[in-house]
Amino acid sequence: DTLRMLDSMIKNTEIEKIGFDLKSDLEILQTANINLAGKFFDIMISAYLLNPGRKILLADLVSENLNEEIAEENKKGQLGLEIETEEETAKKICAIADYIFKLKSIHKKEIEKISAEQIACLPAERHGLPAGMENNNAAKNTLGEVFAQVEMPLVKILAQMEIRGIKLNSLIFQGISETITKRIVNLEKSIYELSGENFNIASPKQLSEVLFEKMKLSANDLKRGKSGVISTASAELERIRGQHKIVEKIEEYRELSKLKNTYLDTLPLMVDKNSRLHTSFNQAVTATGRLSSSEPNLQNIPIRTDLGQLLRTAFVAENGWKLISADYSQIDLRVVAHVSGDKKMIELFHKGEDIHRATAAEINKIPLSQVTEKIRHTAKELNFGVIYGMGTFGFAARTGISKDDARKFIDAYFEKFQGVANYMREIKEFAKKNGFVETEIGRRRYLPEINSSNFQLQSMAERMAINMPIQGLAADIMKIAMINVFEEYKNNPDIKMLLQVHDEIILEVRENLTDEVAKKIKTILENAYPLRVPLVANVKIGDNWGEI
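Residues numbered from 1 in each chain as written. Predicted model: local features only at pLDDT ≥ 70, side-chain atom pairs only at ≥ 80, totals over all residues. Heavy atoms only, no water.

In this structure, the largest pocket encloses a volume near 1,300 Å³. For the lining of the largest pocket, the secondary structure elements donating two or more residues are α13 (306-312), β8 (321-328), α14 (331-340), α17 (373-387), α21 (455-489), β11 (495-501) and β13 (537-542). By residue number, the principal contributor to the lining of the largest pocket is α17, which donates six residues. Elements supplying a minimum of two residues to the lining of the second largest pocket: α10 (234-239), α11 (245-264), α17 and α18 (392-399). Here the element with the most residues in the lining of the second largest pocket is α18; it accounts for six residues. Residue composition of the lining of the second largest pocket, by class: five nonpolar, six polar and 13 charged. (1 Å grid on protein atoms, 1.4 Å probe; cavity = no way out; pocket = protein on both sides within 12 Å on 5 of 7 lines; lining within 4 Å. Points joined across faces, edges and corners; volume = space filled by probe spheres on them. Helix = DSSP H or I, 4+ residues; strand = E, 2+ residues; numbered from the N terminus. Nonpolar A, V, L, I, M, F, W, Y, C, P; charged D, E, K, R; others polar.)

Pasting the structure below:
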């Protein structure tokens, strides 16, 4: 009844709606067939933009900004069972509304102050770009624009995606579950036979004793835990993989067990009465601006494994509908080329060549025809490693080559891609001078550890300084693309956006519209944001997620 009384205000497009986690409010109202309209100001999102990477709780914001405490639950009587009166509940709700209103004013001023500073700077100065690399479209981009034009429109889109969910075919899923369970049982038997005893494979202590004390596998250079037990973490097992075939069996056992525990045992329990699964998209969690998902986390299903693909086949379209996947191709590397202005990398992307094969040819000074899969793989690891600020040691560990060879390879890489080397050097200098880095559209991340006397903390902050403007702009582009797709089809009930996973969006579309929609979505994604290199989106149509 209260909602009905508030209906006209809620639907009034002229009245701004202020709240904390408005996406949840939108979903609650939607169940009552009430649509929250007008401009939004979500203080959870404004707090996130002002300080990304921290856990955002309303009580903490009230305490830090207003120096007040949100009242605890009222527990009267010996066992705290006495029910709170309507008046007490109303007072509490009004107090929270007042806190939210005050926080909005504080956050708005802070965002406006940062935005004014951003406008006052030249684009190249703002982003730590090499001299002469100003991008005209970056001049007006500010944190205020990110909030108003990207994050706030996305709130409504994500709410609709969560409400729709994606269909899970329980019969297919059950078959996958039975197949994987059998494989786990067979792997257990095989591991017990190879080790000569039964033990708890999931116990790091027992596994360490079996591998290194009983089977006498070499533990040279492997890490040890606080108690002195040799580590059996995946990175350590990878280093001893060649010593005994039991290691590969243990790695496979772990992967399958994780899939079983995380997905096979839980997803069937999470579907609604229509067999649809509803994940939650987290807009205020990652420090780079990327979306994450939880309950269930659909971003953790392995991408490049047969099992991951098998699991995806259980996510299906309704009868008479198809799924469309639109996936950005190598968007992070395209952003590297863009922000660094590296002439060689820009040229390779404009030629439309396989960037990893072309990189391998450049570094090794050989023709493309002589690039083997092994050489290509090494170049690929370095291309992606650059994004994360990976050093010699990390590169050697990832590729299995010596540290000397890793150093030579990295040196050759930066000799060929000097624009990338300059970007990495200048963005670190920018971060040390300013204490933060930004994406080209104005998203900011503070890095207080960048000038730390602790070498490890400083190195970690330097890697973040290199990574955030790249991953952050890739995330911004994906969000802009989602908003543009939504705007194109918001009045069409036959086209529904369901998921956003990594660099991919998935839609459910009426069968007779799929070809036309697929072409349009490809155009929308590829024109979402102007880069110095082409944006490329791969679009596929299928009956299930595994096909696309």
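A separate point is the environment of Ile346. Residue position: Ile346 is located in helix α15 (residues 343-351). Taking C-alpha positions, Ile346 is 39 Å from Phe40, a pair spaced 306 residues apart along the chain. Once residues within four sequence positions are removed from consideration, Ile346 is found in contact with Ala337, Gly341, Arg532 and Val533. (Contact = heavy atoms within 4.5 Å.)

Turning next to the sheet that holds strand β4 (residues 276-277). Taking strand neighbours across the sheet as the criterion, the three strands line up as β4-β3-β7 in an open arrangement whose pairing is antiparallel. Strand pairing shows two members of the sheet lacking a second neighbour, β4 and β7 (315-316), which therefore form its edges. Sheet topology note: the strand β3 (residues 166-168)/β4 ladder contains two bridges and is antiparallel. Counted as the bridge partner of Ile166 is Leu277 from β4. (Pairing = 2+ DSSP bridges.)

A cluster of nonpolar side chains, namely Met5, Leu6, Met9 and Ile15, defines an oily patch on the protein surface of about 370 Å² accessible area. Its place among the elements puts Ile15 in the loop between α1 (2-11) and β1 (17-19). On the basis of relative accessibility, which here comes to 32%, the residue Ile15 falls in the partly exposed class. (Patch = residues over 30% accessible without salt bridge, like charges linked within 9 Å, V, L, I, M, F, W, Y side chains within 5 Å. Areas by Shrake-Rupley, 256 points an atom, 1.4 Å probe, with all protein chains shown as cover. Salt bridge = Lys/Arg side-chain N within 4 Å of Asp/Glu carboxyl O. Buried < 20%, exposed > 50% of the residue type's maximum accessible area, 1.4 Å probe, protein only.)

At a minimum axis distance of 10 Å, the contact between α14 and α17 shows a crossing angle of 65°. With respect to each other, α14 and α17 are oriented roughly perpendicular. Handedness of the α14/α17 crossing: left-handed. In contact with Asp332, Leu333 and Val336 of α14, α17 contributes Asn383, Phe384 and Ile387. Classifying every residue of the contact of α14 with α17 gives four nonpolar, one polar and one charged. (Axes fitted to C-alpha atoms, helices over the stretch in contact; angles between N-to-C directions. Parallel < 35°, antiparallel > 145°, perpendicular 65-115°, else oblique. Left-handed = near helix turned anticlockwise from the far one by under 90°.)

Along the polypeptide, Val285 turns up in the loop between β5 (280-282) and β6 (292-294). In the structure, Val285 is positioned 162 residues away from Leu447 in sequence and 16 Å away in space, judged by C-alpha atoms. Residues contacting Val285, with those up to four places away along its chain left out, are Tyr48, Gly53 and Ser292.

So, about the sheet that holds β13. Here four strands make up an open sheet; going across it, the order is β11-β12-β8-β13 and the pairing antiparallel. Edge positions in the open sheet fall to β11 and β13, since each of these has one partner strand only. Sheet twist, expressed as the average angle between the axes of neighbouring strands with direction ignored, equals 20°. Of the pairings in the sheet, the one linking β11 to strand β12 (residues 504-510) comprises six bridges and is antiparallel in character. Note on β12: the bridge partner recorded for Ile495 is Val509. The strands touched by helix α22 (residues 514-526) within the sheet are β8, β11, β12 and β13, with β13 carrying the most contacts at an inclination of about 160°.

On to the nonpolar core, then. Core analysis: the largest hydrophobic core is formed by 156 residues, its most contacted members being Tyr328 and Ile477. Of the residues forming this core, the biggest block, 16 residues, is contributed by α21. Discounting residues that sit within four places of it in the chain, Tyr328 has contacts with Ile477, Met478, Ala481, Asp503, Leu525, Ala528, Leu535, Val536 and Ala537. (Core = buried A, V, L, I, M, F, W, Y, C linked by side-chain atoms within 4.5 Å.)

Another aspect to go through is the pairing of β12. Look at any regular strand and the pattern is simple: side chains alternate between the two faces of the sheet. When you tally the buried positions in β12, you get six out of seven residues, the bulk of the element. In this structure, β8 lies alongside β12, joined through seven bridges in antiparallel fashion. Paired with Leu323 across the strands is Glu508, a residue of β12. Counting the residues between successive antiparallel strands, the hairpin from β11 to β12 contains two residues, one of them, His502, with a positive phi of roughly 55°.

Right, let's talk about helix α2 (residues 22-31) for a bit. Regarding α2, the residues found buried are Leu22, Lys23, Leu26 and Leu29. Each buried residue of α2 sits inside an arc of 125° when the element is viewed along its axis, so together they form one side. What points out from α2, more than 90 degrees from its buried face, is the exposed set Ile28 and Thr31. Just past α2, the residue Asn33 takes up positive phi, approximately 60°. (Arc of directions from axis to C-beta.)

A complete count under the given rule lists 34 salt bridges for this structure. In this structure, the salt-bridge partner of Glu151 is Lys479, at a minimum N-O distance of 2.7 Å. Of this pair, Glu151 sits in helix α7 (residues 143-164) while Lys479 sits in helix α21; the two residues are 328 residues apart in sequence, bridging distant segments of the chain. One exposure class covers both Glu151 and Lys479, and it is buried. As a salt-bridge pair, Arg290 and Asp503 come within 3.1 Å of each other at their nearest N and O atoms. Here Arg290, found in the loop between β5 and β6, pairs with Asp503, found in the loop between β11 and β12; they are 213 residues apart in sequence, far enough to count as distant. One network of salt bridges, in which partners are shared, links Glu151, Arg443, Asp476 and Lys479.

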